[in-house]
Amino acid sequence: MELLRNLFEGYPNLWGGGVAHSVLILSLVIAFGIMLGKLKVAGISLGVTWILFVGIVFGHFNLNLDEHLLHFLKEFGLILFVYSIGLQVGPGFFSAFKKGGLTLNVLAMLVIFISVLITIILHLVTGIPITTMVGILSGAVTNTPGLGAAQQANSDFNGVDAPEIALGYAVAYPLGVIGCILALLALKYLLHINTKQEENEAERGLGHLQELTVRPISVEIRNEAIDGKMIKDVKPLLNRAFVISRIRHKESMESELVNADTVLHVEDQILFIANPIDVEAIIAFFGKKIAVEWEQVDKNLISRRILITKPELNGKSLLQLRIRNNFGASITRVNRSGVDLVATPHLQLQMGDRVTIVGSELAVSHAEKVLGNSLKRLNHPNLIPIFLGIALGCILGSLPFAFPGIPQPVKLGLAGGPLIVSILISRFGPQYKLITYTTMSANLMIREIGISLFLACVGLGAGNGFVDTIIYEGGYIWIAYGAVITVVPILLGGLIGRYAWKLNYYTLIGVLSGTNTNPPALAYSSELTSCDAPAVGYATVYPLAMFLRVLTAQLLILALA
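Residues numbered from 1 in each chain as written. Predicted model: local features only at pLDDT ≥ 70, side-chain atom pairs only at ≥ 80, totals over all residues. Heavy atoms only, no water.

With respect to the overall build of the protein
The helix and strand tally for the protein stands at 24 helices and eleven strands. Counting every position in the protein, which comprises 561 residues, the buried fraction comes to 55%. Restricting the contact set of the protein to residue pairs at least 6 apart, pairs at least 24 apart contribute 79%. Of the roughly 24,600 Å² of accessible surface on the protein, a fraction of 62% belongs to carbon and sulfur atoms. (Helix = DSSP H or I, 4+ residues; strand = E, 2+ residues; numbered from the N terminus. Buried < 20%, exposed > 50% of the residue type's maximum accessible area, 1.4 Å probe, protein only. Contact = heavy atoms within 4.5 Å. Areas by Shrake-Rupley, 256 points an atom, 1.4 Å probe, with all protein chains shown as cover.)

With respect to helix α6 (residues 130–140)
Counted residue by residue, α6 has eleven buried out of eleven residues, so it is predominantly covered. Turning to α6, its buried residues are Ile 130, Thr 131, Thr 132, Met 133, Val 134, Gly 135, Ile 136, Leu 137, Ser 138, Gly 139 and Ala 140. Once α6 ends, the next one or two residues include Thr 142, with phi positive near 50 degrees.

Topic: unusual backbone geometry
A positive phi angle is found at Asn 62, which is not glycine, with a value near 65 degrees. The phi torsion at Lys 502 lies on the positive side, around 55 degrees, for a residue other than glycine. Here Lys 502 is to be found in the loop between α21 (477–501) and α22 (505–515).

Let's talk about a nonpolar patch on the surface
On the surface, Leu 175, Ile 178, Leu 182, Leu 185, Tyr 189, Tyr 476, Ile 477 and Ile 479 cluster together into a nonpolar patch covering about 720 Å² of accessible area. Among the elements that line the nonpolar patch, the one with the most residues is helix α8 (residues 163–190), at five residues. Structurally, Tyr 189 can be placed in helix α8. (Patch = residues over 30% accessible without salt bridge, like charges linked within 9 Å, V, L, I, M, F, W, Y side chains within 5 Å. Salt bridge = Lys/Arg side-chain N within 4 Å of Asp/Glu carboxyl O.)

Considering the nonpolar core
In terms of nonpolar packing, the biggest core is built from 72 residues, with Leu 26, Val 29, Leu 65, Leu 460 and Ile 485 touching the most fellow members. The element contributing the most residues to this core is helix α24 (residues 533–560), with ten residues. Ignoring anything within four residues of it in the chain, the contact list for Leu 460 reads Ile 25, Leu 26, Val 29, Gly 55, Ile 56, Phe 58, Gly 59, Leu 63, Asn 64, Leu 65 and Leu 70. (Core = buried A, V, L, I, M, F, W, Y, C linked by side-chain atoms within 4.5 Å.)

Notes on the packing of aromatic side chains
The full count for this structure, using the stated rule, is six aromatic pairs. When the ring of Phe 242 is compared with that of Phe 286, the centres are 6.2 Å apart and the planes differ by 80 degrees; the resulting orientation is edge-to-face. Linking Phe 242 in strand β2 (residues 242–248) with Phe 286 in helix α11 (residues 276–286), this pair joins segments that are 44 residues apart in sequence. Overall, the relative accessible area of 2% leaves Phe 242 in the buried class. Judged by relative accessible area, Phe 286 falls into the buried class, the value being 0%. Between Tyr 505 and Tyr 506, the aromatic rings sit 5.3 Å apart at their centres with planes inclined by 70 degrees, giving edge-to-face as the arrangement. Pairwise contacts between aromatic rings join Phe 242, Phe 272, Phe 285 and Phe 286 into one cluster. (Phe/Tyr/Trp six-rings, centres within 6.5 Å; stacked < 30°, edge-to-face > 60°.)

Here's the deal with the sheet that holds strand β4 (residues 269–274)
On the basis of which strands lie adjacent, the open sheet formed by five strands has the order β3-β2-β4-β1-β5 and antiparallel pairing. For this open sheet the edge positions go to β3 (255–257) and β5 (287–290), each flanked by a neighbour on one side alone. Going from strand to strand, the sheet's axes swing by 35 degrees on average, the running direction of each strand aside. (Pairing = 2+ DSSP bridges. Axes fitted to C-alpha atoms, helices over the stretch in contact; angles between N-to-C directions.)

Some details on the pattern of salt bridges
The tally for this structure, following the rule as stated, stands at four salt bridges. A salt bridge links Glu 361 to Arg 304, with the shortest nitrogen-to-oxygen separation between them at 2.8 Å. With Glu 361 in helix α15 (residues 361–371) and Arg 304 in strand β6 (residues 301–307), this residue pair connects regions lying 57 residues apart in the sequence. A residue is classified by how much of its surface remains accessible, and Glu 361, at 43% relative accessible area, is partly exposed. Given the relative accessible area of 24%, Arg 304 is considered partly exposed. Among the salt bridges present, the one from Glu 368 reaches Arg 304, with a minimum N-O distance of 3.2 Å. Pair noted here: Glu 368 is in helix α15 and Arg 304 is in strand β6, with a separation of 64 residues, a long-range link. Each of the salt bridges in this network shares a partner with another, and the network as a whole consists of Arg 304, Glu 361 and Glu 368.

Notes on the side chain of Thr 486
For Thr 486, the position within the fold is in helix α21. Not counting chain neighbours up to four residues away, the residues in contact with Thr 486 comprise Ala 140, Leu 175, Gly 176, Gly 179, Cys 180 and Asn 516.

Brief notes about the packing of α8 against α22
Running from amino to carboxyl end, α8 crosses α22 at an angle of 155 degrees, the nearest separation of the two axes being 11 Å. The orientation of α8 with respect to α22, classified from their angle, is roughly antiparallel. For the pair α8 and α22, the sense of crossing is right-handed. Contacts between α8 and α22 involve Leu 184, Leu 187 and Lys 188 from the former and Tyr 505, Ile 509, Leu 512 and Ser 513 from the latter. For the contact of α8 with α22, the per-class residue count stands at five nonpolar, one polar and one charged. (Parallel < 35°, antiparallel > 145°, perpendicular 65-115°, else oblique. Left-handed = near helix turned anticlockwise from the far one by under 90°. Nonpolar A, V, L, I, M, F, W, Y, C, P; charged D, E, K, R; others polar.)

Examining the confidence of the model for the protein
A residue-level look at the protein finds 83% of positions with pLDDT of 70 or above and a mean pLDDT of 79. Averaged pLDDT values for the elements of the protein fall to 57 in helix α16 (residues 375–379) and rise to 91 in α21. (pLDDT = per-residue confidence, 0-100.)

As for the pairing of strand β9 (residues 354–360)
With five of seven residues buried, β9 lies mostly within the body of the structure. Both β6 and β9 contribute to a ladder of seven bridges, which runs antiparallel. Note that in β9 the partner of Arg 304 across the bridge is Ile 357. Of the strand pairs in this sheet, strand β7 (residues 330–336) and β9 are connected by five bridges, and their pairing is antiparallel. From the neighbouring strand, Val 334 faces β9, where its bridge partner is Val 355.

Describing the environment of Leu 69
Considering the arrangement of structural elements, one finds Leu 69 in helix α4 (residues 67–93). Since its relative accessible area comes to 19%, Leu 69 is described here as buried. Considering only alpha carbons, one finds Leu 69 and Cys 457, 388 residues apart in sequence, at a separation of 9.3 Å.

Observations concerning helix α3 (residues 50–60)
Most of α3 is tucked away, with eight of its eleven residues classed as buried. Taken residue by residue, α3 has Ile 51, Leu 52, Phe 53, Val 54, Gly 55, Ile 56, Phe 58 and Gly 59 as its buried positions. Once α3 finishes, Asn 62 follows within two positions and takes phi at roughly 65 degrees, a positive value.

Topic: the packing of α8 against α21
Two elements in contact, α8 and α21, have axes separated by 8 Å at closest approach and are oriented at 30 degrees. The interaxial crossing formed by α8 with α21 has right-handed handedness. The residue makeup of the contact of α8 with α21, split by class, is 18 nonpolar, six polar and no charged.

Printed below as a string of structure tokens:
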């Protein structure tokens, strides 16, 4: 019995109660939290956030860790979590600001500004400390890195931890998940959405996702002005990003791959790949759209997706590979982080890209050997950019930046620093031959371990005063404040996005889910439709939303604490 008591309460003669005690408590909190996270009510689950609530229960009954150990594990878990997020979203971070993605990100910034403004107003009107209000804000928008950034900013500013930040987060989080989903549902009726029409438009790639996806289109050439011209002479006339992969000549009616010197004739049939926004202009230039089953037309040509796994290809452009000249095969599109890109000659490849290659069985097989296509090679972890990036992130996060009107220099902290470095490394690393690719499973493992450690430590640290705060200090009112911060920005953002920018409903709810960095809301949005518009909208704004949530949480603490 004494052994069990020491394991749970700590060995009195060992620092922090002993390693066995610390590991046991932490493991139980995480294990029980993950088990509870699998429970769903009306199809909605709080997921790993249950770890926070289990930690609060353990902390309430004084089954805790040493405060110094708790602080270290919390910050280390946060670093792992935000760094893995940056590695995932980095490759598409900057491209999300191009064309259609710019509009979606402006809407996301507007919604974030409204939620921050409501938080400041509630702080000034109610007199609730800004530390508590920032915790409520982070919980209301389900943003855990924002919670970590606020805690660290307060610790740097005042020299002590503020448990009320975690208390506000814990109180507001459940309704942050549910309130977001209810607000998205309310928008459907407020905007009088015709779901069938919206889904048809979304599936055709219309709206603000036109620049973020690519489509294969078959056309028959009717433009006599290009009769007898080579493809390399025709492309500059259009000034659009597209790739012609196959052609079927009117005389032979046999399909073949094209190259820059392929000659076009009237009534030839071609297959091109382009962004939806460019499709109509390209069709109008060449002739008329037709339906062709290219796989049936010429069974000697096959299409296959090949994984880029050779380190020496990292950062090389498609032009440098000379796949068409060397093997007689063509790369028509590149899938990166779930988004298809047009395979233009100057597009730089990255480890983990999936290229669609068209050619004969022999040509594709030869090209496959050059490109790699070895899952085993990708499964080997590249630890140097992870730990080097974390080190650089800690340095960046510790550098002070002066902002007008803020008495204390602002630091990006251990949430903002590693996040920025990981985004930059994953985006620009391949240009300098730095392999930053990690498999989805490896990235997810790092992320889940990080968030589990962080939430467990936050819960254990906040558990001691949680019940008293809720019952005796009016903490239950925080739930209402959190609901306002959750629902009002989503409804206003939805109305603005629909009436000002004419956003498709399914794109809109994906964007609003991403603005709140809310995976359960994305899951709900995706269940409403068979198209991928919610997921693309979510992925487009998620990187910027995550960065701004982390930054604004710190600025609120430093400006108003």
